[in-house]
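Each chain, written out:
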Amino acid sequence: MSIEINGRTFAETPGPGQCLRTFLRELGHFGVKKGCDAGDCGACTVLLDGEPVHSCVIPAFRAEGRAVTTIEGLGSEGGTHPLQQAFLDAQGFQCGFCTAGMILTCASLNQAQRQELGVALKGNICRCTGYRSIQDAMDGKSNIEDAAAGGAFGRSLPAPAGPLVVRGAAPYTFDIALDRLLHIKLLRSPHPHARIIGIDKAAALAVPGVHAVLTHEDAPKILFSTARHEKDWMDPDDTRVLDDTVRFIGQKVAAVVAETEAAAEEGCRRLKVDYDILPAATDPALAIAPGAPVIHGGKTAEIHRVSDAARNVVAEKHGEFGDVASALASSAAIYEGTFTTQRVQHAALETHGGLAWIDAGGLLNVRSSTQVPFLIRRSLAQIFDRPLDQIRVFCDRVGGGFGGKQEMFVEDILALAAIATGRPVKLEFTREEQFIATSTRHPMRVTVKAGADKQGMLTALQLDVLSDTGAYGNHAGPVLFHAVSECISVYNCPNKKVDAVAAYTNTVPAGAFRGYGLPQTLFAVEAAIDELARQLGIDPFEIRRRNIVKPGDAMLSPPPSQYHDVFYGSYGLDQCLDLVERAMSTARPDYGLSDDWLVGDGVALTMIDTVPPAGHLSDSTITLRDDGGFELTVGTAEFGNGTSTVHRQIAATALATTVDRISLRQSDTALGGHDTGAYGSAGTFVAGRATQAAAEQLADGIKLWLRS
Amino acid sequence: MDLNTIREIARPHTRAQLPVWTAGDAWLAGGTWLFSEPQVHLNRLIDLTDLKWPALIVSDNHLRIAATCTVAQLDALACAPDWIAAPLIGQCCRAFLASFKIWKTATVGGNICMSLPAGPMISLASALDGVCTIWRADGSEYQIPVADFVVGNRRNLLASGDLLRQIDIPLTALRRRSVFRQISLTPVGRSAALLIGTLDGDGALSLTVTASTVRPIKLSFADLPGREALRSAILQQIPEAVYHADVHGRPMWRRHMTLRLAEEIRSELAIDP
Ligand SMILES: Cc1cc2nc3c(=O)[nH]c(=O)nc-3n(C[C@H](O)[C@H](O)[C@H](O)COP(=O)(O)OP(=O)(O)OC[C@H]3O[C@@H](n4cnc5c(N)ncnc54)[C@H](O)[C@@H]3O)c2cc1C
Ligand code: FES
Ligand code: FES
């Protein structure tokens, strides 16, 4: 077949059922991305004879004799297309994984479509930006500023990777070609709870191209948590690389490693698994009730850090300050309500996955879509009993995280397969796998009780929380503890009580997700405060002003914390309330809604600790190069969070230079040092602080050297 | 996505060249649905493109839409000035959840054969009294109204090996007054109710209910009914079990919207143009 791609003719022939997306990538056009592989997200958009199409739903053979333009070929002769420049000026991206498809689509819109951008872009999903900066790009607006030497801090500077992102040249996780690469596909459990009695691999191994079938028999016995924290004790050890018990529909049962994805898929279909199906508990309230099927029988608090396995309770917290019951009994106003929150998925546009290979020196290399490369390395070292210096974990640009990549969902299988086959291996999740088998926000049932006196001073605050952690306890405890902490410790109140339980169920595990438990509970607390205000006839701003902590007040939530590491860095809560009140009192824009629309407004507040508790460590190294530029090495990862921009700003400011003089290397264990990871805003607050300290030290050193 | 079990693409140019249908075969029209989900039960796709059916033909009595006509081609059709129902074409094309990029390849026939409740080409063709021509695997053919062809959520009257050739729309239907209403849970989302009312020269109302129901339901009235008459006709003639249930809307809500949109259509048609 003959196909013209970006002006070059290719003679390769695609597979009969191959889609254009993978064919273009096979031919080296990595700017063509996969968000969904189902026609929904537009990340794979290319121009076919000048018309934009979703290449994942175009049969590749239909491109025969036609001309394809990918993002790499949009600008003439390697130059920049005006729309690429517009996206740079407006910074119309964060992780940038949607950007190639977005630009190609936007570049093909007519005037009428540009007028109705929301409709025109309904086939282009951007998870990060909220589309505002994309609208800005279409409107020709610039969102970037200049900064003189030493003046970078506080300026709106462009992301360093921007020029690569808009040209489709920024390398995301899967955007590399490796020789002799094998592909992994996972067979997943159709049952919510079952013991695996036997797996017959013969038919799978007979599929041409299949190299290995890995099951629980091949996996290390060691238990760990997919959750990654600086301190391993924060999560229970309840997970194996491949287990002989499955605890949710979608849990991995076996990995087939083959020359092609097609052969690996066929191998999965040919595996014969004999299950002993067990009773399942899918409702958290029933799971913790007497007589429920036990999901992690035999695990203990002492060894596995599972609070009470017999009751399916993985973590819990109970405590009281004062006497809530009698305070409520004598309050002028009381409120009680129960709220439930649902399961949601992060939906980062780049799915989980990665590649692994063992190089000539015996070093196990893992390149994955992760927020926590250093902690993944530590976990792999433990699981595979390999010294740290024989493992390298790194990420290039990551297509969105949102907390979902503060977990190890693929690297363990990648390592197992690379070690077993001695070949480079790749595992790329489908969108379906993202939904059924990665993690979600913890669904919670939150009961709040609150009381206040006539003046609106809080008398009692009580939270009763049941969190559904799913089949594994990754992040179960820390999320639960966070959920019942800042949302009530931001208020002064003499009587507070917390009962919180995280339950195992036979459902997809919940995990880390932006806000980390707080979004689930804060609106219950804030709803209660509002209802008290209403009952007492007090303005909702005013009741909050009367009760919020003031500088120096202890921030308390029961039971007492064993850490005393939360303190006031600065205080602006009072100003914050004033600003919001002022903004809301100005005239509302007229939305032109008809009378049958009920319009209201409300206020809520919450507090969030700037740094995860119990330790978060980051190393930064900065050196002066011979050419006068600086080389900054940090561990923290970039996935649209903007830390690459921030670190250069911090360093350039401390060194009285401009950001273009700072070249950044990041998120690679091979570069040395340690970094707990990019979560809980630590990429800026912790790693950024390390960069500031390093740059200031270097600045001092340079000054000394200049003087001597 | 890659359909890795597909071993062959057949590309017939004429009806005579259509291969003998065997298990594991599927007709490939635009492919926008086929390539959007795993199809591990399939091993051959029979591509309809090279049959080169003319997309749109206007004769004295009919608008003939080839099954392989793309949504974009239909949307771009230059309509005669007296086709006062023609705005329905654009309205239905825009009722796809799919983006305008998908319309370039998605076909009218593919949409009707998918037989999803939210199939806007089903809504359009049903409301305009469209008739399907089906080529049977044995070489014969037959005709059936689109509204009868779709019998449930992803269910229609095609037997294995049957091929939808075309949809004929009587021009008289295109000359009726029409009113379109559609709603979904999210802006520009997947249709949860899509209703079309048309009024012919004699004042007879035809109301086509789609998306809220698992299959198209047509209600006919000799004259424009009153508010209550319309309401009770809908309640009587659409059994509760026919309302569709999925994440795009609950049956109760869909029924409520059906009643509401129907009344909007009725009152709009009640006003002389
Ligand atoms: C993002 C996205 C959004 C979508 N939104 C909608 C929506 O809102 N509503 C909706 O209904 N659909 C929707 N779809 C599904 C699908 O794209 C449409 O139904 C489309 O019209 C199908 O046409 P196609 O030509 O691409 O069909 P194909 O994918 O080629 O075929 C679809 C099915 O019909 C069969 N078929 C095709 N042509 C014929 C024929 N002539 N005779 C017999 N059988 C045939 C095929 O074998 C296959 O089973 C959406 C798809 C995507 C990717
Ligand atoms: S639309 Fe093709 S990958 Fe999402
Ligand atoms: S920038 Fe759009 S998905 Fe991340």
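Here the structure is a predicted model, which means the values were calculated and not measured.

The tally for this structure, following the rule as stated, stands at 55 salt bridges over all chains. In this structure, arginine 545 of chain A engages glutamate 581 of chain A in a salt bridge whose closest nitrogen and oxygen atoms are separated by 2.6 Å. Residue arginine 545 of chain A is found in helix 19 (residues 540-547), and its partner glutamate 581 of chain A is found in helix 20 (residues 573-585); the two are separated by 36 residues along the sequence. Judged by relative accessible area, arginine 545 of chain A falls into the partly exposed class, the value being 22%. Glutamate 581 of chain A gets classed as partly exposed once you look at its relative accessible area, which sits at 26%. The residue arginine 260 of chain B makes a salt bridge to aspartate 596 of chain A at a minimum N-O spacing of 3.9 Å. Residue arginine 260 of chain B is found in helix 9 (residues 251-270), and its partner aspartate 596 of chain A is found in the loop between helix 20 and strand 21 (620-624); the two belong to separate chains. On the basis of relative accessible area, aspartate 596 of chain A is assigned to the exposed category, the value being 55%. Shared partners join several salt bridges into a network, and the residues in it are Glu542, Arg545, Arg546, Asp578 and Glu581 of chain A.

With that settled, the discussion passes to the nonpolar core. Generally speaking, soluble globular proteins have nonpolar side chains that are buried together. Counting residues in each nonpolar core, the largest one holds 127 residues, and the members touching the most others are Ile3, Leu20 and Phe87 of chain A together with Leu45 and Ile112 of chain B. For leucine 20 of chain A, the contacting residues outside a window of four places in its chain are Ile3, Val46, Leu48, Ser55, Ile58, Pro59, Ala60 and Ala63 of chain A. If you look at the next biggest cluster of nonpolar residues, it comprises 53 residues, including Val314, Tyr491, Leu518 and Leu605 of chain A.

This brings us to the site of ligand 1. Neighbouring ligand 1 are 29 residues; Trp27, Gly30, Gly31, Thr32 and Thr107 of chain B lie closest to it. Ligand 1 is flanked by residues contributed from chains A and B. Taking threonine 107 of chain B, its side chain carries an N or O atom lying 2.6 Å from an oxygen atom of ligand 1. A total of 970 Å² of accessible area belongs to ligand 1 in isolation, and the protein chains cover 94% of it. Among the elements of the structure, helix 4 (108-114) and strand 10 (163-170) of chain B are those that each provide at least two residues to the shell around ligand 1. With four residues, helix 4 of chain B is the largest single contributor of residues to the shell around ligand 1. For the shell around ligand 1, the per-class residue count stands at 19 nonpolar, eight polar and two charged.

Moving on, we get to the packing of helix 2 (residues 82-90) of chain A against helix 3 (residues 99-107) of chain A. All names here are of chain A. As a packed pair, helix 2 and helix 3 sit with axes 9 Å apart at the nearest point and diverge in direction by 125 degrees. As summarised for this structure, helix 2 and helix 3 are arranged oblique, according to the angle between their axes. As helix 2 packs across helix 3, the resulting crossing turns out to be right-handed. Contact residues: helix 2 offers Leu83, Gln84 and Phe87, while helix 3 offers Thr99, Met102, Ile103, Cys106 and Ala107. Here the contact of helix 2 with helix 3 is built from residues that sort into six nonpolar, two polar and no charged.

Residue and element names in this part refer to chain A. Domain boundaries in chain A define domain 1 (1-170), domain 2 (182-278 + 349-437), domain 3 (309-344 + 441-547) and domain 4 (620-707). Relative to domain 4, the C-alpha centre of domain 2 lies at a distance of 33 Å. Contact with domain 2, which involves 23 residues of that partner, is made by 17 residues of domain 4. Summed over both partners, the interface of domain 2 with domain 4 comes to about 1500 Å²; 54% of that surface belongs to carbon and sulfur atoms. Three residues stand out in domain 2 for area buried against domain 4, namely Glu230, Gln371 and Phe374, and they jointly supply 40% of the buried area on that side. Our count for the contact surface shared by domain 2 and domain 4 stands at one salt bridge. As a salt-bridge pair, arginine 392 and aspartate 668 come within 2.7 Å of each other at their nearest N and O atoms. Linking domain 2 with domain 4 are seven residue pairs in polar contact (both at pLDDT 80 or more). Of all the secondary structure elements, the ones that give two or more residues to the side of domain 2 that touches domain 4 are helix 13 (373-383) and strand 16 (391-394). Among the elements that make up the side of domain 2 that touches domain 4, the one with the highest residue count is helix 13 (five residues).

Take the sheet that holds strand 21 of chain A next. Residues and elements named next belong to chain A. Spatially, 21-22-23 is the arrangement adopted by the three strands of the open sheet, whose pairing is mixed. Each edge of the open sheet is held by one strand with a lone partner, namely strand 21 and strand 23 (662-666). Within the sheet, the average angular offset between the axes of one strand and its neighbour, ignoring direction, is 20 degrees. Where strand 21 and strand 22 (residues 630-634) come together, five bridges link them in antiparallel fashion. Bridging across to strand 22, threonine 621 finds its partner in threonine 633. Each of strand 21, strand 22 and strand 23 touches helix 21 (residues 643-654); the most contacted strand, strand 23, lies at about 135 degrees to it. In the packing of helix 23 (residues 687-707) onto the sheet, contacts are made with strand 21 and strand 22, and the angle to strand 21 comes to roughly 30 degrees.

Residues and elements named next belong to chain B. Across the sheet, which stays open at both edges, the five strands sit in the order 4-5-10-6-7 with antiparallel pairing between neighbours. Each having just a single partner strand, strand 4 (56-58) and strand 7 (141-145) make up the two edges of the open sheet. Across the sheet, the mean angle from the axis of one strand to that of its neighbour is 20 degrees, orientation sign disregarded. Bridge count for strand 6 (residues 131-135) against strand 10 is five bridges, and the pairing is antiparallel. In the sheet register, threonine 133 faces strand 10, and the bridge partner there is glutamine 166.

As a further point, take helix 2 of chain A. Residues and elements named next belong to chain A. All buried positions along helix 2 are accounted for by Leu83, Gln84, Ala86, Phe87, Leu88 and Ala90. In this fold, the buried residues of helix 2 make contact with helix 3, helix 4 (111-115), helix 6 (132-138) and helix 7 (162-166). Where helix 2 terminates, the next one or two residues include glutamine 91, which has phi positive at roughly 50 degrees.

The rules behind each value
Residues numbered from 1 in each chain as written. Chains lettered and ligands numbered in written order. Predicted model: local features only at pLDDT ≥ 70, side-chain atom pairs only at ≥ 80, totals over all residues. Heavy atoms only, no water. Salt bridge = Lys/Arg side-chain N within 4 Å of Asp/Glu carboxyl O. Helix = DSSP H or I, 4+ residues; strand = E, 2+ residues; numbered from the N terminus. Buried < 20%, exposed > 50% of the residue type's maximum accessible area, 1.4 Å probe, protein only. Core = buried A, V, L, I, M, F, W, Y, C linked by side-chain atoms within 4.5 Å. Contact = heavy atoms within 4.5 Å. Near = heavy atom within 4 Å. Polar contact = N/O pair within 3.5 Å; in protein donor to acceptor, adjacent residues only side chain to side chain. Areas by Shrake-Rupley, 256 points an atom, 1.4 Å probe, with all protein chains shown as cover. Nonpolar A, V, L, I, M, F, W, Y, C, P; charged D, E, K, R; others polar. Axes fitted to C-alpha atoms, helices over the stretch in contact; angles between N-to-C directions. Parallel < 35°, antiparallel > 145°, perpendicular 65-115°, else oblique. Left-handed = near helix turned anticlockwise from the far one by under 90°. Domains from an automatic or database assignment. Buried area = accessible area lost by both parts, 1.4 Å probe. Pairing = 2+ DSSP bridges.

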